[in-house]
Amino acid sequence: MPELNYLIFLGCVIPYRISSYEISTRKVLDKLGVELVEMPEFNCCGFPLDPINHDMMLTLAAQNLCLAEQQNLNIMTLCNGCFGTLNHVNKELKEDKKLREKVNVYLKEIGMEFEGTTKVKHLIHVLAENIGVERIKDAVQNPLNPLRVAQHSGCHIIRPAKYVGSDDPENPTVLKKLINVTGAECLNYLDEMECCGAPIIGVNEKLPLQLAREKLDHIRAVGAQALITVCPFCHMMYDLNQPRIEKTFNEKFGIPVLHYTQLLGLAMGFSPEELAFKQLRVNASEIVTK
Amino acid sequence: MSENKETQEKESGQKMVLKASDIDPKFKYEISKIPGSEKVMLCFQCGTCTADCPIARFDDFYRPRKLIRMAQLGLKDKLLSDDVIWLCSTCFTCIDHCPQDVGIASIVRALRNLSVKERDMPVAYKELASNIRKTGYAYIISGMRLKKRESEGLPSLPKADLKNIAKLFGTTGLSKMLEKVET
């Protein structure tokens, strides 16, 4: 099935500190028949450079896209930030001839040219659109009911709708459907679309922690046993930073935060060890030994 | 009444009276030439961006509507020297909700780019950019991490072509900006 071949784009945060996301994704996708092709060369998607030099962001993203074009394959990202950047730049350069010419002048310096022959997808698009909910349902051996969870899709796989356009930006349902397939129940909660705040943690620590605290508070209010994410930045805010949030606001949450692929992996019969549950900061053993 | 004025002044973080010399009437044209910021003049100050902004909910000073008004008025120096422009978390809610399709987050990005060009950049961004120039990745991935990948059965990480990256840092002008703030 050739449409299930993707160049895996890890980005920076996952190899830096969130390898549990990569480990669980590789296990799950392999069993679902997706072939991930390793790239000898890729670099940062460009996202962190946009605030300081838009041209450099465009060019670095385009350079990654050119590398994928050379392989004649589509890109699959696990990170919302990488998806948002690469997809946006890919679409903008395809549509805007003037901008494409400008970026190609920069790329000429390194012997590359953007042609616009590749597509960029996020993991959840591959799961929902290319593999499909039915096939995932067939792979579920160990339905997770009566587990009750909440989802956090994050921003850059939803907005700006003009460039993403694969889900309802006011009421996204893709991740919810993917969660329900595992047998777990996905609960609604207040302000589900709220940002995790991670992009500004380098310049202001307080605001992202306040945002994340509020999200954990809303999730606890509906009785969710875990939060499910699909982005390493969001995961970092809610899992790695949860003890810090608890300390700062003098409040106890203890809400496990799983990558979607860990949740799906459990339902597909993988063990918590195989899915790198040990690497989670907030202990998730209560969910596993339900 | 006076309390209200005081709060307003506190919120705006600046005096209420502006001098003509504070204003650069050409600034709005400068902004509107930057890709993504073409519609800066279309903002009619409805405030949807600010009402829906997650940062504005928690911060007393970050008001996207006000940033756009200041840009329209030509308050260039005030805008480019104000740390609040670094608070946008790029959730893009303002982009989706704006009835005039002004592209507020893109304008904030343009303001940040101009501020870096004319002044300085926050240390965090300097670090990210310098990491990318040195390694191709925004964070330094240690040898220990790479070994751990191997022991976890993960394939080796893609390697960046650092010569190419250095060239791109040069042609886009980012190298110069980094040197400027590094010294």
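Small disclaimer: the values here were computed from a predicted structure and weren't measured.

Description of the overall build of chain A
So, step 1. Broken down by element type, chain A carries 12 helices and 8 strands.
So, step 2. Rg of the C-alpha trace for chain A: 19 Å, near the compact-globule value of 19 Å for 290 residues, within the 12% margin.
So, step 3. Considered along the principal axes of its C-alpha atoms, chain A spans approximately 55 × 45 × 30 Å.
So, step 4. Here chain A holds 290 residues, and 66% of them are scored as buried.
So, step 5. For chain A, the accessible surface area stands at approximately 10,900 Å², while carbon and sulfur atoms represent 47% of it.
So, step 6. Averaging the coordinates of the 30 positive side-chain charges in chain A and doing the same for the 35 negative ones gives two points 3 Å apart.

A few points about the pattern of salt bridges
Residues and elements named next belong to chain A.
So, step 1. Here the structure, examined in full by the defined rule, presents 23 salt bridges over all chains.
So, step 2. Measuring nitrogen to oxygen at the nearest pair gives 3.8 Å for the salt bridge that ties aspartate 217 to arginine 213. Of the two residues, aspartate 217 and arginine 213 are both situated in helix H8 (residues 206-221); the distance of 4 residues between them amounts to about one turn of the helix.
So, step 3. Arginine 220 is the partner of glutamate 251 in a salt bridge, and the nearest nitrogen-oxygen pair spans 2.9 Å.

As for the sheet that holds strand E4 (residues 120-122) of chain A
Residues and elements named next belong to chain A.
So, step 1. One open sheet holds the 4 strands; their spatial order is E2-E1-E3-E4, and the pairing between them is parallel. Where the open sheet ends on each side, the last strands, each with one partner, are strand E2 (35-37) and E4. With direction set aside, neighbouring strand axes in the sheet form an average angle of 40°.
So, step 2. Relative to strand E3 (residues 74-77), strand E1 (residues 5-9) is paired through 4 bridges, and the arrangement is parallel. If you follow isoleucine 8 over to E3, its bridge partner there is methionine 76.
So, step 3. Across the sheet, helix H6 (residues 123-139) is in contact with E1, E3 and E4; its angle to E4 comes to roughly 90°.

Structural notes on the domain arrangement of chain A
Residues and elements named next belong to chain A.
So, step 1. Domain annotation of chain A identifies domain 1 (2-122) and domain 2 (133-288).
So, step 2. Distance from the C-alpha centre of domain 1 to the C-alpha centre of domain 2: 24 Å.
So, step 3. Each side of the interface is counted separately: domain 1 has 29 residues, and domain 2 has 31 residues.
So, step 4. Both sides of the domain 1 and domain 2 interface together cover about 2,600 Å² of buried area, and 69% of this is carbon and sulfur.
So, step 5. Viewed at the interface, domain 2 and domain 1 are joined by 0 salt bridges.
So, step 6. Run the count over domain 1 and domain 2 and you get 14 residue pairs in polar contact (both at pLDDT 80 or more).
So, step 7. At the level of elements, helix H1 (13-17), helix H2 (19-31) and helix H4 (80-95) are the ones that each hand at least two residues to the side of domain 1 that touches domain 2.
So, step 8. Classifying every residue of the side of domain 1 that touches domain 2 by side-chain character gives 12 nonpolar, 11 polar and 6 charged.

Thoughts on the side chain of A:Asp239
Residue and element names in this part refer to chain A.
So, step 1. When you line up the elements, aspartate 239 lands in helix H9 (residues 232-240).
So, step 2. Nearest to the buried, unbridged aspartate 239 among oppositely charged side chains is arginine 281, at 6.1 Å.
So, step 3. Within the local environment of aspartate 239, its side chain forms a polar contact with the backbone nitrogen of valine 282, the two atoms lying 2.9 Å apart.
So, step 4. With sequence-adjacent residues up to four places away left out, aspartate 239 is seen in contact with Val257, Leu280, Arg281 and Val282.

Some remarks on unusual backbone geometry
Apart from glycine, the bulk of residues carry a negative phi angle, and the bulk of peptide bonds sit in the trans form.
Residues and elements named next belong to chain A.
So, step 1. With an omega of 10°, the peptide bond running from asparagine 145 to proline 146 counts as cis.
So, step 2. Take proline 146: it is sitting in the loop between H6 and strand E5 (148-152).
So, step 3. In the segment running from arginine 159 into proline 160, the intervening peptide bond is cis, with an omega of -5°.
So, step 4. Structurally, the position occupied by proline 160 is in the loop between E5 and helix H7 (174-181).
So, step 5. Even without being a glycine, aspartate 191 presents a positive backbone phi close to 55°.
So, step 6. Its place among the elements puts aspartate 191 in the loop between strand E6 (185-186) and H8.

Focus: the interface of chain A and chain B
So, step 1. Facing 56 residues of chain A, the contacting portion of chain B comprises 54 residues.
So, step 2. Summing both partners gives a buried area of about 5,000 Å² for chain A against chain B, and 66% of it is carried by carbon and sulfur.
So, step 3. Looking at the side of chain A facing chain B, the largest losses of area belong to A:Tyr16, A:Pro51 and A:Ile52, adding up to 13% of the total buried there.
So, step 4. Applying the counting criterion to the chain A and chain B interface returns 5 salt bridges.
So, step 5. The salt bridge involving B:Arg57 is made with A:Asp191; its shortest N-O contact spans 3.8 Å.
So, step 6. Here chain A and chain B share 17 residue pairs in polar contact (both at pLDDT 80 or more) between them.

Looking at the environment of A:Lys176
Residue and element names in this part refer to chain A.
So, step 1. Within the secondary structure, lysine 176 is located in helix H7.
So, step 2. Spatially, the C-alpha atom of lysine 176 lies 16 Å from that of valine 140, the residues being 36 residues apart in sequence.
So, step 3. Residues in contact with lysine 176, not counting those within four places in the same chain, are Gln151, Asn171, Cys186, Asn188 and Glu192.

Overview of the pairing of strand E7 (residues 226-229) of chain A
Consecutive side chains of a regular strand alternate in pointing toward one face of the sheet and then the other.
Residue and element names in this part refer to chain A.
So, step 1. With burial as the criterion, each face of E7 is covered, one bearing Ala226 and Ile228 and the other bearing Leu227 and Thr229.
So, step 2. Of the strand pairs in this sheet, E5 and E7 are connected by 4 bridges, and their pairing is parallel. Pairing of alanine 150 across the sheet is with leucine 227, part of E7.
So, step 3. Of the strand pairs in this sheet, E7 and strand E8 (residues 257-259) are connected by 3 bridges, and their pairing is parallel. Directly across from threonine 229, in E8, lies its bridge partner histidine 259.

Quick notes on the sheet that holds E7(A)
Residue and element names in this part refer to chain A.
So, step 1. Reading across from one edge, E6-E5-E7-E8 is the order of the 4 strands in this open sheet, with parallel pairing throughout. Two strands bound the open sheet, and with one partner strand each, they are E6 and E8.
So, step 2. Along the sheet face, H7 touches E5, E6 and E7 and points at about 155° away from the line of E5.
So, step 3. Sheet contacts for H9: E5, E7 and E8; angle to E8, the most-contacted strand, approximately 155°.

Analysis parameters
- Residues numbered from 1 in each chain as written.
- Chains lettered and ligands numbered in written order.
- Predicted model: local features only at pLDDT ≥ 70, side-chain atom pairs only at ≥ 80, totals over all residues.
- Heavy atoms only, no water.
- Helix = DSSP H or I, 4+ residues; strand = E, 2+ residues; numbered from the N terminus.
- Rg over C-alpha atoms; globule rule 2.2 N^0.38 Å.
- Buried < 20%, exposed > 50% of the residue type's maximum accessible area, 1.4 Å probe, protein only.
- Areas by Shrake-Rupley, 256 points an atom, 1.4 Å probe, with all protein chains shown as cover.
- Lys, Arg positive; Asp, Glu negative; His and termini not counted.
- Charge placed at Lys NZ, Arg CZ, Asp CG, Glu CD.
- Salt bridge = Lys/Arg side-chain N within 4 Å of Asp/Glu carboxyl O.
- Pairing = 2+ DSSP bridges.
- Axes fitted to C-alpha atoms, helices over the stretch in contact; angles between N-to-C directions.
- Contact = heavy atoms within 4.5 Å.
- Domains from an automatic or database assignment.
- Buried area = accessible area lost by both parts, 1.4 Å probe.
- Polar contact = N/O pair within 3.5 Å; in protein donor to acceptor, adjacent residues only side chain to side chain.
- Nonpolar A, V, L, I, M, F, W, Y, C, P; charged D, E, K, R; others polar.

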